[in-house]
Amino acid sequence: MSQARVKELAIIGAGIAGVSAAIYAKRSGLEFDIFESKALGGQLLLMENIDNYAGIPAGTKGFELSEALSRNLSGLDIEPINQEILSIKIDKDLIWLKSQENNYTYKTLIIATGATFRRLDVPGESQLTGKGVSYCAVCDGFFFKGKTVAVIGGGNTAAEEALYLSDVAEKVFLVHRRDQLRALGYLQKEIFAKKNIEIIFGHVVEKVNGTTKVDSLILSNIKNGEKKPLSLQGVFIAIGITPATSLFSGLLDLDDSGFILTDEFLQTSSPLIWACGDCRKRPLKQLITAASEGAIASLSVYKHLRGHYISA
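Here we summarise the structure given alongside this text. This structure is a prediction, so every number in the text was calculated from the model and none was measured.

1. Focus on the overall build of the protein chain
Right, so step 1: Of the regular secondary structure elements, the protein chain holds six helices and 19 strands.
Right, so step 2: In summary, the protein chain has a C-alpha radius of gyration of 22 Å against a globular reference of 20 Å for 312 residues, a match within 12%.
Right, so step 3: Its C-alpha atoms give the protein chain principal-axis dimensions of roughly 60 × 40 × 35 Å.
Right, so step 4: Out of the 312 residues in the protein chain, the part that is buried amounts to 48%.
Right, so step 5: In the protein chain, 34 side chains carry a positive charge and 34 a negative one; their mean positions are 2 Å apart.

2. Structural notes on the nonpolar core
Right, so step 1: Ranked by internal contacts, the top residues of the largest apolar core, which has 32 residues, are Leu9, Ile11, Ile16 and Ile110.
Right, so step 2: Put simply, the parts of the chain that give this core at least two residues each are β2 (7–12), α1 (16–27), β3 (32–35), α2 (62–75) and α6 (287–306).
Right, so step 3: The element best represented in this core is α1, accounting for seven residues.
Right, so step 4: Not counting the four nearest positions on each side in its chain, Ile16 is found in contact with Gly41, Leu44, Tyr53, Leu65, Leu69, Leu287, Ala290 and Ala291.
Right, so step 5: Membership of the second largest hydrophobic core comes to 20 residues, among which are Val149, Ala183, Phe236 and Ala238.

3. So, the pattern of salt bridges
Right, so step 1: What the rule picks out here adds up to nine salt bridges.
Right, so step 2: With a closest N to O distance of 2.5 Å, Asp278 and Arg282 form a salt bridge.
Right, so step 3: By sharing partners, the salt bridges in this structure join Asp278, Arg280, Arg282 and Glu293 into a single network.

4. Some points on the packing of aromatic side chains
Right, so step 1: Throughout the structure, instances matching the rule amount to six aromatic pairs.
Right, so step 2: Each ring, one from Phe117 and one from Tyr135, has its centre 6.5 Å from the other, and the planes form 15°; the classification is stacked. Linking Phe117 in strand β9 (residues 115–117) with Tyr135 in the loop between β10 (133–134) and α3 (137–140), this pair joins segments that are 18 residues apart in sequence.
Right, so step 3: Classification of Tyr135 by relative accessible area gives buried; the value is 13%.
Right, so step 4: Relative to Phe236, the ring of Phe144 lies with its centre 5.4 Å away and its plane at 75°, an arrangement referred to as edge-to-face. Note that Phe144 is positioned in the loop between α3 and β11 (148–152) and Phe236 in strand β17 (residues 234–237), a separation of 92 residues in sequence.
Right, so step 5: Site record: aromatic cluster; members linked through ring pairs are Phe35, Tyr104 and Tyr106.

5. Remarks on the pairing of strand β16 (residues 227–231)
Successive residues of a regular strand alternate their side chains across the two faces of the sheet.
Right, so step 1: Note that strand β15 (residues 214–221) and β16 share five bridges and pair antiparallel. Bridged to Leu219 within β16 is Lys228.
Right, so step 2: Counting the residues between successive antiparallel strands, the hairpin from β15 to β16 contains five residues, one of them, Gly225, with a positive phi of roughly 75°.

6. Digging into α2
Right, so step 1: If you check α2, its first and last C-alpha atoms are 20 Å apart, about what 14 residues at 1.5 Å a residue would give, namely 20 Å.
Right, so step 2: All of the buried residues along α2 are Gly62, Leu65, Ser66, Leu69 and Leu73. In a view along the axis of α2, the buried residues occupy a sector of 105°, so they form one face of it. Turned more than 90 degrees away from the buried face of α2 sit Arg71 and Gly75, all of them exposed.
Right, so step 3: Tucked inside the fold, the buried residues of α2 contact α1, β4 (49–50), β5 (60–61) and α6.
Right, so step 4: One or two positions beyond α2, positive phi appears at Asp77, with a value near 60°.

7. Re the pairing of strand β8 (residues 102–111)
Right, so step 1: The element β8 is extensively covered by neighbouring structure, given that eight of its 10 residues are classed as buried.
Right, so step 2: Bridge count for β2 against β8 is five bridges, and the pairing is parallel. What sits directly across from Ile11, in β8, is Ile110.
Right, so step 3: Strand direction decides the pairing type here: strand β7 (residues 94–99) and β8, joined by four bridges, are antiparallel. Across the sheet, the residue bridging to Trp96 is Thr105, located in β8.

8. Let's talk about the sheet that holds β15
Right, so step 1: Taken in spatial order, the three strands line up as β14-β15-β16 in an open sheet, and their pairing is antiparallel. Only two strands of the sheet have a single neighbouring strand rather than two, namely β14 (203–210) and β16. Between one strand and the next, the sheet's axes are offset by a mean angle of 30°, whatever the strand orientation.

9. Remarks on α6
Right, so step 1: In this model, α6 (20 residues) spans 29 Å end to end at C-alpha, consistent with the 28 Å of a helix rising 1.5 Å per residue.
Right, so step 2: If you check which residues of α6 are buried, you get Leu287, Thr289, Ala290, Ala291, Glu293, Gly294, Ala295, Ala297, Ser298, Ser300, Val301 and Tyr302.
Right, so step 3: Taken together, the buried residues of α6 touch β2, α1, β4, α2, β8 and β19 (273–275).
Right, so step 4: Immediately beyond the C-terminal end of α6, within one or two residues, lies Gly307, with a positive phi of roughly 80°.

Thresholds, definitions, all that
Residues numbered from 1 in each chain as written. Predicted model: local features only at pLDDT ≥ 70, side-chain atom pairs only at ≥ 80, totals over all residues. Heavy atoms only, no water. Helix = DSSP H or I, 4+ residues; strand = E, 2+ residues; numbered from the N terminus. Rg over C-alpha atoms; globule rule 2.2 N^0.38 Å. Buried < 20%, exposed > 50% of the residue type's maximum accessible area, 1.4 Å probe, protein only. Lys, Arg positive; Asp, Glu negative; His and termini not counted. Charge placed at Lys NZ, Arg CZ, Asp CG, Glu CD. Core = buried A, V, L, I, M, F, W, Y, C linked by side-chain atoms within 4.5 Å. Contact = heavy atoms within 4.5 Å. Salt bridge = Lys/Arg side-chain N within 4 Å of Asp/Glu carboxyl O. Phe/Tyr/Trp six-rings, centres within 6.5 Å; stacked < 30°, edge-to-face > 60°. Pairing = 2+ DSSP bridges. Expected span 1.5 Å × (residues − 1). Arc of directions from axis to C-beta. Axes fitted to C-alpha atoms, helices over the stretch in contact; angles between N-to-C directions.

What follows is the structure, encoded as structure tokens:
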């Protein structure tokens with residue numbers, strides 16, 4: 001393995017937050033690298049429509065915005081490094097990153113690693129993932145046209161998944177452990193107006209049944225433990241996200257759920273590291289806020305390195 005010379009900044013993650021950080025880093029003249037071990041765009045690639053991003057036409061596809069981000073980088077001669085960072089170490093005033101291929105050294109770091117879908121961790125879930133168990137209605141809903149499915153969860157994501165599937169599947173069960181939904185009011189109104197959505201309150205999934213494909217769920221009543229089967233062909237799990245921050249445990253301050261804690265300038269507990277997007281603790285997890293955080297993080301790094309602000 002070779003060791004690269006010291007650069008000013010590393011950005012880990014090339015979702016919308018990381019790409020935004022890279023654009024602002026480039027425009028401010030910082031010498032940096034951006035790492036992305038998977039496809040550029042992150043969770044954008046799992047989104048069917050983007051309807052609430054200012055300046056972008058409603059109905060824009062997630063992959064279309066991802067392609068636009070790629071063009072942004074290409075136009076600025078920014079080439080993401082397709083390597084997974086395996087370890088991070090802070091030594092004095094330098095940050096050492098290690099991948100399978102190389103060691104890298106930087107003066108600062110922006111973390112934009114995003115988050116992954118949370119699992120139920122019940123019997124049958126892992127075995128039947130991709131065989132009826134899904135974490136993305138937009139990705140897999142087409143395969144359940146005219147069939148019966150369930151969405152697990154009661155928040156905004158679960159409500160949105162159920163609404164999307166109601167236009168594809170014949171019947172949609174929305175299973176929630178509480179006695180009322182947590183989704184925003186307008187989403188609940190749409191849910192209750194849909195004739196093919198049935199809400200099952202006060203139940204949790206105990207088991208996913210099926211051999212080669214999902215054929216049913218076993219639900220358990222929260223109050224009395226009574227079990228009941230639910231026949232269906234697909235189950236969509238929408239119970240939240242887990243931040244991709246295990247690499248930073250013990251290195252940075254995280255909250256109880258593993259999200260990185262930052263100040264208003266996106267600086268972490270380390271004076272050399274900033275974080276942006278879904279990997280950090282924040283009140284609103286949206287594309288538009290992730291993009292703005294990437295910009296803030298880069299400008300904060302610029303000030304740290306150069307000791308002054310740049311004009312807008």
